Amino acid sequence: MSEDVLAALGRRARAQRLSRGWTLREIAERSGVSPRFLVQLEAGQGNISVRRLADVAQALETSPAALLSSAEPATPPVIALLGLRGAGKTTIGRKLAKRRRVPFVELDKKIEQAADLSLGELFTLHGEDYYRRLEREVLQDVLAEALPMVLATGGGLVASPDTFAMLRRSAKTVWLRASPEDHWNRVVRQGDRRPMTDHPQAMADLRSLLATREPLYALADHTVDTSSLAVEDVIESIEQHLA
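Chemist: A description of empty space enclosed by the protein should follow, citing residues and the corresponding values.
Modeler: It is the rolling of a water-molecule-sized probe over the atoms that shows where space remains empty. Evaluated as defined, the whole model comprises 1 cavity of 30 Å³ or more. Volume-wise, the largest cavity comes out at about 50 Å³. In terms of lining, the largest cavity is formed by Ala 13, Arg 17, Leu 24, Ile 27, Leu 38, Leu 41, Glu 42, Val 56 and Leu 60. Top element by residues in the lining of the largest cavity is helix α3 (residues 35-42). It accounts for 3 residues.

Chemist: Mind laying out the layout of surface pockets, listing which residues take part and the relevant values?
Modeler: Computed from the structure, the largest pocket encloses a volume of approximately 1,500 Å³. When grouped by side-chain class, the residues that make up the lining of the largest pocket number 18 nonpolar, 13 polar and 12 charged.

Chemist: Run through the pairing of strand β5 (residues 222-225), naming residues and quoting values.
Modeler: The side-chain alternation of β5 yields one buried face, formed by His 222 and Val 224, and one unburied face, formed by Thr 223 and Asp 225. For strand β4 (residues 172-177) and β5, the ladder comprises 4 bridges, and the chain directions are parallel. The residue bridging Trp 175 from the neighbouring strand is Thr 223, located in β5.

Chemist: Give me the lowdown on the packing of aromatic side chains, citing residues and values where you can.
Modeler: Throughout the structure, instances matching the rule amount to 2 aromatic pairs. Aromatic pair Trp 175 and Tyr 217: ring centres 5.6 Å apart, planes at 25°, arrangement stacked. Placement of the pair is Trp 175 in strand β4 and Tyr 217 in helix α11 (residues 202-217), with a sequence separation of 42 residues. Like Trp 175, the residue Tyr 217 is buried in the burial classification. Here the basic side chain of Arg 168 rests over the ring of Phe 164, its NZ or CZ set 5.6 Å away from the ring centre. Here the basic side chain of Arg 177 rests over the ring of Trp 175, its NZ or CZ set 5.5 Å away from the ring centre.

Criteria and cut-off values
- Residues numbered from 1 in each chain as written.
- Predicted model: local features only at pLDDT ≥ 70, side-chain atom pairs only at ≥ 80, totals over all residues.
- Heavy atoms only, no water.
- 1 Å grid on protein atoms, 1.4 Å probe; cavity = no way out; pocket = protein on both sides within 12 Å on 5 of 7 lines; lining within 4 Å.
- Points joined across faces, edges and corners; volume = space filled by probe spheres on them.
- Helix = DSSP H or I, 4+ residues; strand = E, 2+ residues; numbered from the N terminus.
- Nonpolar A, V, L, I, M, F, W, Y, C, P; charged D, E, K, R; others polar.
- Buried < 20%, exposed > 50% of the residue type's maximum accessible area, 1.4 Å probe, protein only.
- Pairing = 2+ DSSP bridges.
- Phe/Tyr/Trp six-rings, centres within 6.5 Å; stacked < 30°, edge-to-face > 60°.
- Lys NZ or Arg CZ within 6 Å of the ring centre and 35° of its normal.

The structure is reproduced here in structure tokens:
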């Protein structure tokens with residue numbers, strides 16, 4: 001095989017593996033090809049036989065012809081879930097990531113790690129402007145990894161134009177739409193009664209916030225109404241859109 005063909009083959013094999021969230025060791029076990037040779041293959045340095053190519057293709061759940069196709073491989077997407085708190089980003093995100101065999105990442109958790117503070121402490125000590133700057137920096141770092149994942153974003157990310165634009169350029173965005181009542185009830189079911197404590201206008205504020213952000217959430221690549229669908233149906237809708 002020529003060097004160009006081997007390089008293209010390596011890129012396609014790696015893209016196919018990453019899209020399924022598999023390690024080199026898993027592909028080695030499935031194909032009978034050594035991890036060391038698979039490293040060489042993905043690097044474009046493995047002069048593979050037809051029989052071994054068939055074994056690797058079968059392990060990757062594709063065909064030798066697809067791996068040798070002239071078309072460049074599609075980059076496995078980052079799937080970013082949008083929505084207010086209570087939209088179901090964590091519940092759906094974890095199940096979707098497990099189904100796609102990719103990591104599930106919560107952006108707010110990454111922000112807490114970067115600040116070495118809880119979100120509550122971060123807002124109290126530094127304010128929202130600081131949080132938004134850190135949110136952008138952390139998101140940029142996460143996206144720079146260029147790895148497939150399911151990413152749960154903060155509810156207010158869409159209100160930061162530059163940050164939201166960066167996300168839309170680098171990920172497939174999905175708005176998990178829900179009614180104000182569903183947002184409210186899901187948060188309460190999680191054991192958090194803060195929305196109603198000493199705040200009689202909390203539901204009115206929630207309705208107003210959702211109405212303000214809906215046009216921004218609607219810019220997502222795909223919208224799923226989580227109020228009318230079971231979790232598995234939401235995941236299936238996302239998968240069909242990606243397909």
